[in-house]
Structures are given as structure tokens and as C-alpha cells.
Amino acid sequence: MKKNSYEMYATKRKANQAYHWRTVRKTLNAVVGEMSVEVERKFLCSADILKTLEEIGVCVGQLQFRDQYFDTPKFDLTLRDVWLRKRKGRWELKCPATVNVTEGTGGEQSKAQAALCTRYKEITNLPEIQLRVKEVIKDICADRETNSSQEDESWLSKMNLVCFAEFTTVRRSFTLEEEGVQIDLDQADFGYHVGEIEVLVPEGGDVQSALEKIERTARKLGLTGDQRVEGKMTVYLKMNHPEHYAKLLSEHVL
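This is a predicted model, so every value here is computed, not measured.

Caption draft 1: Region of interest: helix α8 (residues 242-250). Within the span of α8, buried status applies to His244, Tyr245 and Leu248. Down the axis of α8, the buried set is contained in an arc of 100°. They therefore lie on one face. Close packing links the buried residues of α8 with β3 (83-87), β6 (162-175) and α7 (232-240). Where α8 terminates, the next one or two residues include His252, which has phi positive at roughly 60°.

Caption draft 2: Layout of the packing of aromatic side chains. Following the criterion strictly, the structure yields eight aromatic pairs and no others. Between Tyr69 and Phe167, the aromatic rings sit 6.1 Å apart at their centres with planes inclined by 20°, giving stacked as the arrangement. Separated by 98 residues along the polypeptide, Tyr69 in strand β2 (residues 58-71) and Phe167 in strand β6 bring together distant segments of the chain. When sorted by exposure, Tyr69 lands in the same class as Phe167, which is buried. Arranged with centres 5.0 Å apart and planes meeting at 70°, the rings of Trp91 and Trp155 form a pair that is edge-to-face. Of this pair, Trp91 sits in strand β4 (residues 90-96) while Trp155 sits in helix α5 (residues 154-158), placing them 64 residues apart in sequence. A residue is classified by how much of its surface remains accessible, and Trp91, at 1% relative accessible area, is buried. Feature note: the residues Tyr69, Trp83, Phe164, Phe167, Phe190 and Tyr236 constitute an aromatic cluster, connected by ring pairs. Across the ring face of Tyr120, the terminal group of Lys94 is positioned such that the distance to the ring centre comes to 5.3 Å.

Caption draft 3: How the structure looks around the sheet that holds strand β5 (residues 117-123). Spatially, the eight strands close up into a barrel ordered β1-β5-β4-β3-β2-β6-β7-β8, and their pairing is antiparallel. For this sheet the average axis-to-axis angle between neighbouring strands, irrespective of direction, equals 35°. In terms of strand pairing, strand β1 (residues 36-43) meets strand β8 (residues 193-202) through eight bridges, oriented antiparallel. When the sheet's bridge partners are listed, Glu38 is paired in β8 with Leu200.

Caption draft 4: Representation of the layout of surface pockets in the model. Taken as a whole, the largest pocket encloses approximately 1,000 Å³ of empty space. In this structure, the largest pocket is lined by 46 residues; those nearest its centre are Glu40, Lys42, Thr118, Val229 and Gly231. The residue inventory of the lining of the largest pocket, partitioned by class, reads 19 nonpolar, eight polar and 19 charged.

Cut-off values and rules
- All residue numbers here refer to positions counted from 1 along the written sequence of the relevant chain.
- Since the coordinates come from a predicted model, pLDDT governs what is reported: local features require at least 70, and pairs of side-chain atoms require 80 or more to be given and counted, while whole-chain, interface and lining totals use all residues.
- Excluding hydrogens and water, the side-chain values take into account all heavy atoms of the structure.
- Exposure categories follow from relative accessible area, calculated using a 1.4 Å probe and restricted to protein chains: below 20% of the type maximum is buried, above 50% is exposed, and the middle band is partly exposed.
- We count a stretch as a helix when DSSP gives it H or I for four or more residues in a row; a strand needs E for two or more, and each element gets its number in order from the N terminus.
- By definition, the arc is the one covered by directions from the helix axis to the C-beta atoms.
- Note on definitions: a residue-residue contact is assigned when non-hydrogen atoms from the two residues lie within 4.5 Å.
- In this scheme Phe, Tyr and Trp rings, the latter by its six-membered ring, pair at centre separations within 6.5 Å, and the angle between planes marks the pair as stacked below 30 degrees, edge-to-face above 60, and tilted otherwise.
- By definition, being over a ring means that NZ of Lys or CZ of Arg is both within 6 Å of the ring centre and within 35 degrees of the ring normal.
- Whether two strands pair depends on DSSP finding at least two bridges between them.
- Every axis in this analysis is a line fitted to C-alpha atoms, fitted for helices over the stretch in contact. Angles between the N-to-C directions lie between 0 and 180 degrees.
- Cavities and pockets were defined on a 1 Å grid built over protein atoms only: a cavity is a set of grid points that admits a 1.4 Å probe from which the probe cannot escape, a pocket is an open set flanked by protein on both sides within 12 Å along at least five of seven lines, and lining residues are those with an atom within 4 Å of any such point.
- Grid points are joined across faces, edges and corners, and a volume is the space filled by probe spheres set on the points.
- Just so you know the grouping, Ala, Val, Leu, Ile, Met, Phe, Trp, Tyr, Cys and Pro go in nonpolar, Asp, Glu, Lys and Arg go in charged, and all remaining residues, Gly too, go in polar.

Given below as C-alpha cells:
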């Protein structure tokens, strides 16, 4: 019994260390004036895919976290594909990354695989987040002082930001021998399960290399299909806020 309790503790510790290291790395990049680009492909994890993943990957454990997403009542952020969230007490901002991707050696097939991936710039430095949000909704918060700490959330009301989505995710994370590749299996509390292959690169870094790593990993897992898999937020909005979801569809954000 003691051994099982210790193993559970060790697994949970590994998972939290892996998660916090990714967060620290993003934060350090922001502090020194750099930002990360998250290149990611989502997939639906069948029993066969899970079996393969457990054979070729190393599970670093499982953790649980709660996400809160914020926007104005008119959806000024999300209609521009800008996503502000609070996760485990830390603020994060995801916005589209403009990257140049070469055709590579795979031709049309590689292009099709690249189209299955998303690329988002991730900002974790709170003053920078506030600045970027203010640029998007400048008509709302013009000339208002918004600087504050992680704990002080008065800047949200000054920018007319309200929480429009809140859910808990249980995440099981794996690493592979392929350097820089992480695979997360997410189970959201509203009933949706989805997997993510993720490679994090510095802004201006080699996104093409990240896409190739993701493509190789997808082949190893036996992933098929040429359609993007819906993320947790897409499914959440479809289920809980169909009007918001419809507006995002009409603007080709989703």
C-alpha cells in the first residue's frame, strides 16, 4: 500500500514538473523579450493509438487544471482569434503566429499535413498581455491605467473583460525520443476527449522543423485523416454558447 501511494505521488510530481517547466520556459522567453510559438496538431485517441503511444512514449504523469477564458461582451478578442485565459493562477494570451513555412521535401503531402496544425504565439508576461489586449480593444480601454500584478485582476473590469468559458481538464502527458515533442491526452469535464501533439519553438524559430517532427510523430502513432480535429474550446462553445460559436464560424476563426 505504501509503495502504491509513493508511486502515485511520484507520478503526480513528474507531471507537475513537466507542466511547470513548460510554463517557466514560456515566461522566461517573455521576460527577455522573446515569445514562443506553439505548433500543434490535435487528434482523436483510439484504443490502438493509445496502445502505440504507451509503447513508444514515456508517460510523465497526469495533472488537473482549470481554465477560465475572457473576452468583451461583443467578443472583440476571440473574433480576432485572440484567446485570453487564466490557468493555474497564470495569465496566458494566444494569438495567431505569422510564420513562413517552406514547402519541404514532401510536396503536397507535407502541405496537407501542415494544414492540420495550428500555430499560435504564446505570451505569458502579464504587462505584455495587457498591452496586446489593449491594442485589440483600444476603443474600450483608451487612456485607462491597466498595469497590475498576477493577483490584482482590476484590469479586467477596466477593459470590460468577462469570463465566457470555464472548464476543468485532466491531462495525461507523454514525451518521445524525438526532441521537443510532447503529446497530451486531455479529458474535459464537459465530456470531450482530445489528443495534442505539440512542439514549442521560439518566435522566429524553425517552424518547418516543428511541422516535420509533428508529421513524423503522427505517422508513428498511425494517425489518419485529412481534416482538423476540433479543440476543447470549439466543442465547449458549440455545446454551451452556440451564438458565440456561430459568430466565430462566420469570421472563419473556427
